[in-house]
Amino acid sequence: MILVTGATGNIGSALVKELRACDAGPLRALSRNAAQAAFPEGVEAVEGDFADPASLKRALEGVRSLFLVSRVGSDADILEAARQAGVEHVVLVSSITVQTHPHLGPAAENAAVERLLQESGMSWTILRPTQFASNARMWAASIRGHETVRAPYADTALPTIHPADIASVARVALTEPGHQGRTYALTGPEPVSARQQAEAIAAALGREVPFAEISRDEAHAHMAAVFGAEAADAVLDVTGGDVNDELLMVRDTVSQVTGVPARPFREWAAENAAAFR
(Lines give C-alpha, C1' and ligand atoms only; values in the text may rest on other atoms or scores of the structure.)
Protein backbone atom coordinates (compact mmCIF):
# COMPACT_ATOMS: atom_id res chain seq x y z
CA MET A 1 0.00 0.00 0.00
CA ILE A 2 1.24 3.47 -0.95
CA LEU A 3 -0.20 6.50 0.87
CA VAL A 4 -0.12 9.86 -0.89
CA THR A 5 -0.67 12.75 1.51
CA GLY A 6 -1.72 16.13 0.17
CA ALA A 7 -3.42 14.15 -2.57
CA THR A 8 -5.40 17.11 -3.95
CA GLY A 9 -2.37 19.43 -4.09
CA ASN A 10 -0.26 20.40 -7.09
CA ILE A 11 2.16 17.49 -6.65
CA GLY A 12 -0.06 14.97 -4.90
CA SER A 13 -2.87 15.05 -7.45
CA ALA A 14 -0.43 14.42 -10.30
CA LEU A 15 1.28 11.66 -8.32
CA VAL A 16 -2.00 9.84 -7.63
CA LYS A 17 -2.78 9.83 -11.36
CA GLU A 18 0.68 8.56 -12.28
CA LEU A 19 0.65 5.80 -9.68
CA ARG A 20 -2.79 4.65 -10.78
CA ALA A 21 -1.83 4.78 -14.46
CA CYS A 22 1.22 2.57 -13.91
CA ASP A 23 -0.77 0.13 -11.76
CA ALA A 24 1.56 0.56 -8.79
CA GLY A 25 -0.62 -1.62 -6.56
CA PRO A 26 -2.89 -0.64 -3.68
CA LEU A 27 -3.07 3.13 -3.48
CA ARG A 28 -4.53 5.33 -0.78
CA ALA A 29 -5.01 9.11 -1.08
CA LEU A 30 -5.30 11.33 1.98
CA SER A 31 -7.45 14.46 1.87
CA ARG A 32 -9.08 16.70 4.45
CA ASN A 33 -12.37 16.23 2.59
CA ALA A 34 -12.35 12.85 0.87
CA ALA A 35 -16.00 13.16 -0.16
CA GLN A 36 -15.25 16.13 -2.39
CA ALA A 37 -11.96 14.82 -3.78
CA ALA A 38 -12.08 13.41 -7.29
CA PHE A 39 -9.57 10.57 -7.46
CA PRO A 40 -9.16 8.02 -10.27
CA GLU A 41 -11.14 4.81 -10.03
CA GLY A 42 -9.42 2.24 -7.86
CA VAL A 43 -7.84 4.78 -5.50
CA GLU A 44 -8.89 4.45 -1.88
CA ALA A 45 -9.83 7.90 -0.60
CA VAL A 46 -9.28 8.42 3.11
CA GLU A 47 -10.13 11.50 5.11
CA GLY A 48 -7.59 12.79 7.58
CA ASP A 49 -5.87 15.81 9.01
CA PHE A 50 -2.28 16.09 10.20
CA ALA A 51 -3.61 17.90 13.27
CA ASP A 52 -5.69 14.81 14.16
CA PRO A 53 -3.38 11.92 15.17
CA ALA A 54 -6.25 9.41 15.21
CA SER A 55 -7.16 10.09 11.58
CA LEU A 56 -3.51 9.79 10.57
CA LYS A 57 -3.22 6.45 12.34
CA ARG A 58 -6.19 5.13 10.35
CA ALA A 59 -4.72 6.41 7.09
CA LEU A 60 -1.36 4.73 7.77
CA GLU A 61 -2.75 1.30 8.56
CA GLY A 62 -1.15 -1.27 6.25
CA VAL A 63 0.94 1.35 4.41
CA ARG A 64 4.38 0.34 3.12
CA SER A 65 5.43 3.59 1.39
CA LEU A 66 4.53 7.20 2.18
CA PHE A 67 4.67 10.37 0.11
CA LEU A 68 5.00 13.46 2.30
CA VAL A 69 5.44 17.18 1.71
CA SER A 70 7.42 18.74 4.53
CA ARG A 71 6.14 21.40 6.91
CA VAL A 72 2.41 20.90 6.38
CA GLY A 73 1.90 19.54 9.87
CA SER A 74 3.95 18.33 12.83
CA ASP A 75 6.58 16.42 10.89
CA ALA A 76 7.97 14.77 14.01
CA ASP A 77 4.53 13.40 14.91
CA ILE A 78 3.79 12.35 11.32
CA LEU A 79 7.07 10.49 10.94
CA GLU A 80 6.71 8.82 14.33
CA ALA A 81 3.18 7.70 13.43
CA ALA A 82 4.51 6.32 10.15
CA ARG A 83 7.31 4.46 11.92
CA GLN A 84 4.92 2.96 14.44
CA ALA A 85 2.56 1.90 11.63
CA GLY A 86 5.36 -0.06 9.98
CA VAL A 87 5.99 2.24 7.01
CA GLU A 88 9.21 1.16 5.33
CA HIS A 89 9.97 3.99 2.90
CA VAL A 90 9.18 7.73 2.88
CA VAL A 91 9.54 10.04 -0.12
CA LEU A 92 9.82 13.57 1.26
CA VAL A 93 9.44 16.81 -0.68
CA SER A 94 11.81 19.35 0.86
CA SER A 95 13.37 22.36 -0.91
CA ILE A 96 16.46 23.15 -2.92
CA THR A 97 17.07 26.05 -0.55
CA VAL A 98 18.41 23.53 1.98
CA GLN A 99 21.56 23.49 -0.15
CA THR A 100 21.42 26.92 -1.81
CA HIS A 101 20.28 29.12 1.11
CA PRO A 102 20.80 27.13 4.33
CA HIS A 103 20.93 30.34 6.38
CA LEU A 104 17.27 31.17 5.71
CA GLY A 105 14.64 30.18 8.28
CA PRO A 106 12.42 28.06 5.99
CA ALA A 107 15.49 26.25 4.61
CA ALA A 108 16.67 25.45 8.13
CA GLU A 109 13.22 24.10 8.97
CA ASN A 110 13.27 21.86 5.89
CA ALA A 111 16.75 20.65 6.80
CA ALA A 112 15.50 19.74 10.27
CA VAL A 113 12.68 17.65 8.75
CA GLU A 114 15.17 15.89 6.49
CA ARG A 115 17.26 14.97 9.55
CA LEU A 116 14.19 13.67 11.37
CA LEU A 117 13.47 11.36 8.45
CA GLN A 118 17.07 10.22 8.06
CA GLU A 119 17.22 9.35 11.77
CA SER A 120 13.79 7.68 11.86
CA GLY A 121 14.92 4.19 10.98
CA MET A 122 12.76 4.16 7.85
CA SER A 123 14.34 4.24 4.41
CA TRP A 124 14.02 7.54 2.61
CA THR A 125 14.26 9.51 -0.60
CA ILE A 126 14.46 13.31 -0.39
CA LEU A 127 13.34 15.57 -3.23
CA ARG A 128 14.60 19.16 -3.27
CA PRO A 129 12.71 21.07 -5.97
CA THR A 130 13.34 24.66 -6.98
CA GLN A 131 10.64 27.29 -7.57
CA PHE A 132 7.32 25.77 -8.68
CA ALA A 133 5.74 26.80 -11.99
CA SER A 134 2.41 26.78 -10.15
CA ASN A 135 3.54 29.78 -8.08
CA ALA A 136 2.43 31.84 -11.07
CA ARG A 137 -1.16 31.19 -9.96
CA MET A 138 -0.71 34.11 -7.56
CA TRP A 139 -1.19 36.33 -10.61
CA ALA A 140 -4.45 34.66 -11.66
CA ALA A 141 -6.84 37.28 -10.27
CA SER A 142 -4.89 40.13 -11.84
CA ILE A 143 -4.71 38.43 -15.22
CA ARG A 144 -8.38 37.45 -15.18
CA GLY A 145 -9.19 41.08 -14.43
CA HIS A 146 -6.97 42.28 -17.31
CA GLU A 147 -4.81 44.09 -14.78
CA THR A 148 -1.03 44.51 -14.82
CA VAL A 149 1.05 41.72 -13.32
CA ARG A 150 3.54 43.27 -10.90
CA ALA A 151 6.62 41.40 -9.70
CA PRO A 152 10.12 42.18 -8.38
CA TYR A 153 13.33 40.96 -10.02
CA ALA A 154 11.52 40.75 -13.34
CA ASP A 155 14.48 39.43 -15.34
CA THR A 156 16.08 37.06 -12.83
CA ALA A 157 15.60 33.66 -14.43
CA LEU A 158 15.27 30.54 -12.28
CA PRO A 159 14.93 26.97 -13.60
CA THR A 160 11.29 26.76 -12.51
CA ILE A 161 9.88 23.23 -12.22
CA HIS A 162 6.50 21.83 -13.26
CA PRO A 163 4.90 20.16 -10.20
CA ALA A 164 4.08 17.13 -12.33
CA ASP A 165 7.82 16.53 -12.78
CA ILE A 166 8.23 16.38 -9.01
CA ALA A 167 5.38 13.86 -9.01
CA SER A 168 7.07 11.81 -11.73
CA VAL A 169 10.30 11.57 -9.73
CA ALA A 170 8.30 10.66 -6.61
CA ARG A 171 6.48 7.92 -8.53
CA VAL A 172 9.77 6.36 -9.62
CA ALA A 173 11.19 6.61 -6.09
CA LEU A 174 8.08 4.93 -4.67
CA THR A 175 7.87 2.10 -7.17
CA GLU A 176 11.37 1.30 -8.43
CA PRO A 177 14.56 0.13 -6.67
CA GLY A 178 17.72 2.17 -6.37
CA HIS A 179 16.37 5.41 -4.93
CA GLN A 180 16.46 4.75 -1.21
CA GLY A 181 18.97 6.91 0.63
CA ARG A 182 19.15 9.35 -2.29
CA THR A 183 18.65 13.12 -2.31
CA TYR A 184 17.60 14.68 -5.61
CA ALA A 185 17.82 18.37 -6.49
CA LEU A 186 15.08 19.02 -9.06
CA THR A 187 14.75 21.83 -11.59
CA GLY A 188 13.00 22.58 -14.83
CA PRO A 189 14.79 22.35 -18.18
CA GLU A 190 15.64 26.04 -18.57
CA PRO A 191 15.76 29.32 -16.68
CA VAL A 192 12.60 31.43 -16.94
CA SER A 193 12.11 34.90 -15.48
CA ALA A 194 8.93 36.41 -14.08
CA ARG A 195 8.60 38.52 -17.22
CA GLN A 196 8.97 35.43 -19.42
CA GLN A 197 6.40 33.57 -17.31
CA ALA A 198 3.89 36.36 -17.93
CA GLU A 199 4.69 36.18 -21.64
CA ALA A 200 4.12 32.42 -21.66
CA ILE A 201 0.75 32.85 -19.97
CA ALA A 202 -0.13 35.55 -22.49
CA ALA A 203 0.74 33.17 -25.34
CA ALA A 204 -1.45 30.47 -23.79
CA LEU A 205 -4.34 32.92 -23.49
CA GLY A 206 -3.84 34.45 -26.93
CA ARG A 207 -3.87 37.99 -25.57
CA GLU A 208 -1.56 40.51 -23.97
CA VAL A 209 -0.74 40.30 -20.28
CA PRO A 210 0.63 43.66 -19.10
CA PHE A 211 3.68 43.32 -16.85
CA ALA A 212 5.54 45.81 -14.64
CA GLU A 213 8.56 45.37 -12.42
CA ILE A 214 8.23 46.64 -8.86
CA SER A 215 10.82 47.23 -6.16
CA ARG A 216 11.71 44.79 -3.42
CA ASP A 217 10.19 47.14 -0.85
CA GLU A 218 6.86 47.21 -2.69
CA ALA A 219 6.81 43.45 -3.00
CA HIS A 220 7.86 42.98 0.63
CA ALA A 221 5.06 45.18 1.95
CA HIS A 222 2.45 43.11 0.15
CA MET A 223 3.94 39.71 0.98
CA ALA A 224 4.65 40.52 4.62
CA ALA A 225 0.98 41.35 5.14
CA VAL A 226 0.09 37.85 3.97
CA PHE A 227 3.00 35.63 5.07
CA GLY A 228 4.91 37.68 7.65
CA ALA A 229 8.12 39.66 7.29
CA GLU A 230 10.56 36.76 7.71
CA ALA A 231 8.84 34.61 5.10
CA ALA A 232 8.61 37.56 2.73
CA ASP A 233 12.35 38.20 3.04
CA ALA A 234 13.11 34.53 2.41
CA VAL A 235 10.94 34.36 -0.70
CA LEU A 236 12.39 37.57 -2.11
CA ASP A 237 15.94 36.41 -1.47
CA VAL A 238 15.47 33.17 -3.41
CA THR A 239 13.55 34.80 -6.27
CA GLY A 240 16.15 37.42 -7.04
CA GLY A 241 17.55 39.26 -4.05
CA ASP A 242 20.17 36.70 -3.04
CA VAL A 243 20.50 34.29 -5.94
CA ASN A 244 23.66 32.26 -6.43
CA ASP A 245 25.08 29.97 -9.08
CA GLU A 246 23.72 26.84 -7.39
CA LEU A 247 20.17 28.20 -7.33
CA LEU A 248 20.41 29.24 -10.99
CA MET A 249 21.84 25.89 -12.12
CA VAL A 250 19.74 23.78 -14.49
CA ARG A 251 19.89 20.12 -13.48
CA ASP A 252 18.94 17.09 -15.57
CA THR A 253 17.81 15.07 -12.53
CA VAL A 254 14.22 14.73 -13.76
CA SER A 255 15.27 13.14 -17.03
CA GLN A 256 17.95 11.02 -15.34
CA VAL A 257 15.44 9.55 -12.88
CA THR A 258 12.34 9.30 -15.06
CA GLY A 259 13.80 8.93 -18.55
CA VAL A 260 11.62 11.82 -19.75
CA PRO A 261 12.77 15.44 -20.19
CA ALA A 262 11.52 17.98 -17.68
CA ARG A 263 8.55 20.07 -18.82
CA PRO A 264 9.15 23.74 -19.71
CA PHE A 265 7.14 26.52 -18.07
CA ARG A 266 5.21 27.19 -21.28
CA GLU A 267 3.75 23.67 -21.03
CA TRP A 268 2.48 24.38 -17.52
CA ALA A 269 1.03 27.68 -18.75
CA ALA A 270 -0.81 25.99 -21.61
CA GLU A 271 -2.21 23.28 -19.32
CA ASN A 272 -3.42 25.83 -16.78
CA ALA A 273 -4.60 28.63 -19.05
CA ALA A 274 -8.18 28.27 -17.77
CA ALA A 275 -7.08 29.54 -14.35
CA PHE A 276 -6.15 32.87 -15.95
CA ARG A 277 -9.15 33.38 -18.23
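For the structure itself, consult the block above.
As a starting point, this report considers the structure included with it. Treat the numbers as computed from the prediction; the structure is a model and nothing was measured. (Residues numbered from 1 in each chain as written. Predicted model: local features only at pLDDT ≥ 70, side-chain atom pairs only at ≥ 80, totals over all residues. Heavy atoms only, no water.)

## Side note on the sheet that holds strand β3 (residues 44-47)
- Spatial strand order, β3-β2-β1-β4-β5-β6-β8: 7 strands in an open sheet with parallel pairing. At either end of the open sheet lies a strand with only one pairing partner, and these are β3 and β8 (182-186). Within this sheet the neighbouring strands show an average axis-to-axis angle of 20 degrees, counted without direction.
- The pairing of strand β1 (residues 2-4) with strand β2 (residues 27-31) spans 3 bridges and is classified as parallel. Within β2, the residue paired with Leu3 across the bridge is Arg28.
- Lying on the sheet, helix α1 (residues 10-21) is in contact with β1, β2, β4 (65-69) and β5 (89-93); it crosses β1 at an angle near 150 degrees.
- Relative to β2, helix α2 (residues 53-60) is tilted by about 165 degrees, and along the sheet it contacts β1, β2, β3 and β4. (Pairing = 2+ DSSP bridges. Helix = DSSP H or I, 4+ residues; strand = E, 2+ residues; numbered from the N terminus. Axes fitted to C-alpha atoms, helices over the stretch in contact; angles between N-to-C directions. Contact = heavy atoms within 4.5 Å.)

## Some points on the nonpolar core
- Judged by nonpolar contacts, the single largest core of 31 residues is most densely connected at Val4, Leu15, Val16, Phe67, Leu127 and Leu186.
- Those elements giving two or more residues to this core turn out to be β1, α1, β2, β5, α7 (163-175), β8 and α12 (253-258).
- If you tally residues by element for this core, the top one is α7, at 8 residues.
- Ranked by size, the runner-up nonpolar core spans 23 residues in total, among them Val149, Ala200, Ile201 and Trp268. (Core = buried A, V, L, I, M, F, W, Y, C linked by side-chain atoms within 4.5 Å. Buried < 20%, exposed > 50% of the residue type's maximum accessible area, 1.4 Å probe, protein only.)

## A short note on the packing of helix α9 (residues 216-227) against helix α10 (residues 229-241)
- At their nearest, the axes of α9 and α10 sit 8 Å apart, and the two run at 135 degrees to each other. On the basis of their axis angle, the class for α9 and α10 is oblique. Like other packed secondary-structure pairs, α9 and α10 cross with a definite hand, here right-handed. Between α9 and α10, the contacting residues are Arg216, Ala219, His220, Met223, Ala224 and Phe227 on the first element and Ala229, Ala231, Ala232, Asp233, Val235, Leu236, Asp237 and Gly241 on the second.
- Residue classes in the contact of α9 with α10 are distributed as 9 nonpolar, 2 polar and 3 charged. (Parallel < 35°, antiparallel > 145°, perpendicular 65-115°, else oblique. Left-handed = near helix turned anticlockwise from the far one by under 90°. Nonpolar A, V, L, I, M, F, W, Y, C, P; charged D, E, K, R; others polar.)

## Overview of the pattern of salt bridges
- Inspection of every chain in the model, using the stated rule, returns 14 salt bridges.
- We note a salt bridge from Asp165 to Arg263, for which the minimum N-O separation is 2.4 Å. Of the two residues, Asp165 sits in helix α7 while Arg263 sits in the loop between α12 and α13 (265-271), which places them 98 residues apart along the sequence.
- Its relative accessible area of 2% is what places Asp165 among the buried residues.
- Take Arg263: its relative accessible area is 23%, and that puts it in the partly exposed class.
- Among the charged side chains, a network of salt bridges with common partners joins Asp165, Arg263 and Glu267. (Salt bridge = Lys/Arg side-chain N within 4 Å of Asp/Glu carboxyl O.)

## Considering the pairing of β5
- Counting buried positions along β5 yields 5 of 5 residues, so the element is predominantly enclosed.
- Both faces of β5 are covered, namely the face carrying His89, Val91 and Val93 and the face carrying Val90 and Leu92.
- With 5 bridges joining them, β4 and β5 adopt parallel strand pairing. Looking at β5, one finds that Leu68 is bridged to Leu92.
- Strand direction decides the pairing type here: β5 and strand β6 (residues 123-129), joined by 5 bridges, are parallel.

## Observations concerning the pairing of β4
- Across the 5 residues that make up β4, a large majority, 4, are buried.
- Of the pairings in the sheet, the one linking β1 to β4 comprises 3 bridges and is parallel in character. Its bridge partner lying in β4, Leu3 is registered against Leu66.
- With helix α3 (residues 75-85) bridging β4 and its parallel neighbour β5, the resulting β-α-β unit is right-handed. (Right-handed = clockwise from strand over helix to strand, strands pointing away.)

## Side note on the environment of Ser134
- As for its placement among the helices and strands, Ser134 is situated in the loop between β6 and α6 (140-144).
- Under the relative-accessibility criterion, Ser134 is labelled buried at 7%.
- Taking the C-alpha atoms as reference points, Ser134 and Gly178, 44 residues apart in sequence, are found 29 Å from one another.
- When sequence neighbours within four positions are dropped, the list of residues in contact with Ser134 reads Asn10, Pro163 and Trp268.
- For Ser134, the side chain forms a polar contact with the side chain of Asn10, separated by 3.3 Å. (Polar contact = N/O pair within 3.5 Å; in protein donor to acceptor, adjacent residues only side chain to side chain.)

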